[in-house]
Amino acid sequence: MARKVNLDRRKFLIGSVAAGVAGAGATVAAIHDGELGAPPQTIRGSVPWKEGTADAPPGASGSGYVFFTTSEATFIEAAVGRLIPNDDVGPGGVEANVPFFLDRQLAGPFGRGDHYYLGGPWPKGTPEQGYQSRFSPAQLYRAAIAAIDSYVGANLGAATLSALAAADQDKLLKGLENGDVKLDGGVDSKSFFAMLLQNTKEGYFSDPIYGGNKDMGAWKMIGFPGAHYDYKEWVSRHGERVPYPTVGFKGRPGWTGS
């Protein structure tokens, strides 16, 4: 009898899980958050097209910061401005709106660490193991910014990183990169710098729909025409400049319609 009860309970649990998955699938299929794929389907013969079935990126909206506090925004603008400074070649990170991109990313699924494993234990890992921290990205940014400004105040004779001279900001960022700067609050300086640098690059070169790469300035600088329908005729034409105007997911200035 006990075996029968256990088997019946197991069948019940499996059935409940299957029903839950099916129910969840029905719910999330309509959600387009830039993370989920389009609803699964079997396609035979010609390729069908139906508006709204792709998981289109939601895009960044509004103005001003929604995640960063005033002091955090001041830090980020100073740091990003040193990682990608303005010059005659192209726009700097701040001019390209990278701080806004970072703000919206940290306020969303990335900031929450939706695709990160954040459970313990947390021994120090190797570089090959990738991100190893109890902090979500948003928590890491918040803790690191506070810890860095505290370090500056205690060791460098200024209140915050943004108050340092440019050369001293560069020296501090280099110290974060190589791990020479030791931070309080359980923050690993190398891990934070690696994430900050990677996210800054992403904001600088990503499609403007995400809030960075303002006016597609970074793409224009490197000669990338952007999100055109296809480039198949150019695949084998190495070294040639593609003569298309730069365009993003949302189109380009001068386009009209929905």
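Higher on the page you've got the structure.
What counts as what
- Residues numbered from 1 in each chain as written.
- Predicted model: local features only at pLDDT ≥ 70, side-chain atom pairs only at ≥ 80, totals over all residues.
- Heavy atoms only, no water.
- Helix = DSSP H or I, 4+ residues; strand = E, 2+ residues; numbered from the N terminus.
- Expected span 1.5 Å × (residues − 1).
- Buried < 20%, exposed > 50% of the residue type's maximum accessible area, 1.4 Å probe, protein only.
- Arc of directions from axis to C-beta.
- Contact = heavy atoms within 4.5 Å.
- Phe/Tyr/Trp six-rings, centres within 6.5 Å; stacked < 30°, edge-to-face > 60°.
- Lys NZ or Arg CZ within 6 Å of the ring centre and 35° of its normal.
- Axes fitted to C-alpha atoms, helices over the stretch in contact; angles between N-to-C directions.
- Parallel < 35°, antiparallel > 145°, perpendicular 65-115°, else oblique.
- Nonpolar A, V, L, I, M, F, W, Y, C, P; charged D, E, K, R; others polar.
- 1 Å grid on protein atoms, 1.4 Å probe; cavity = no way out; pocket = protein on both sides within 12 Å on 5 of 7 lines; lining within 4 Å.
- Points joined across faces, edges and corners; volume = space filled by probe spheres on them.

**Q** Explanation requested: helix H7 (residues 189-205) in the structure shown.
**A** Each α-helix winds once per 3.6 residues, and so residues spaced three or four apart point in a common direction. The terminal C-alpha atoms of H7 lie 24 Å apart, and with 17 residues this matches the ideal 24 Å at 1.5 Å per residue to within 8%. Residues of H7 that are buried: Ser189, Phe192, Phe193, Met195, Leu196, Asn199, Thr200, Gly203 and Tyr204. Summarising the axial view, the buried residues of H7 lie within an arc of 165°, below the 170-degree limit, and thus occupy one face. Looking at the buried side of H7, the elements it contacts are helix H2 (70-83), helix H3 (98-106), helix H4 (109-112), helix H5 (137-155), helix H6 (166-178) and helix H8 (217-222).

**Q** Any chance you could explain the packing of aromatic side chains here in plain terms?
**A** The relative placement of two aromatic rings is captured by the distance of their centres and the angle of their planes. Taken as a whole and judged by the stated rule, the model has 9 aromatic pairs. Judged by centre distance (6.2 Å) and plane angle (35°), the rings of Tyr231 and Tyr244 are tilted. Of this pair, Tyr231 sits in the segment after H8 while Tyr244 is found in the segment after H8, placing the two residues 13 residues apart along the sequence. According to the relative accessible area criterion, Tyr231 is partly exposed, its value standing at 24%. We classify Tyr244 as partly exposed; its relative accessible area is 26%. In textbook terms, an aromatic cluster arises when at least three aromatic residues are bridged by ring pairs, as seen for Tyr65, Phe67 and Phe68. The residue whose ring lies beneath Arg142 is Phe67, and the NZ or CZ to ring-centre distance is 4.1 Å. Above the face of the Trp234 ring, Arg237 is positioned so that its terminal group lies 3.8 Å from the ring centre.

**Q** Is there a simple way to think about the packing of H2 against H5 in this case?
**A** Between two packed helices, both the angle of their axes relative to each other and the distance between the axes serve to describe the pair. Two numbers describe how H2 lies on H5: the axes approach to 10 Å, and their chain directions differ by 80°. It follows that H2 is roughly perpendicular to H5 by the angle criterion. Of the residues in H5, those touching H2 at Glu72, Phe75 and Ile76 are Tyr141, Arg142, Ile145, Ile148 and Asp149. Residue classes in the contact of H2 with H5 are distributed as 5 nonpolar, no polar and 3 charged.

**Q** What should I look at first to understand the layout of surface pockets in this one?
**A** Empty pockets left among the atoms are what a rolling probe the size of a water molecule brings to light. If you add up the space inside the largest pocket, you get close to 690 Å³. For the largest pocket, the lining is made up of 22 residues, of which Lys124, Gly130, Gln132, Asp188 and Ser191 are closest to its centre. Considering every element that reaches the lining of the largest pocket, the biggest residue donor is H7, with 5 residues. When grouped by side-chain class, the residues that make up the lining of the largest pocket number 11 nonpolar, 7 polar and 4 charged.

Just distances and angles here, no functional claims.
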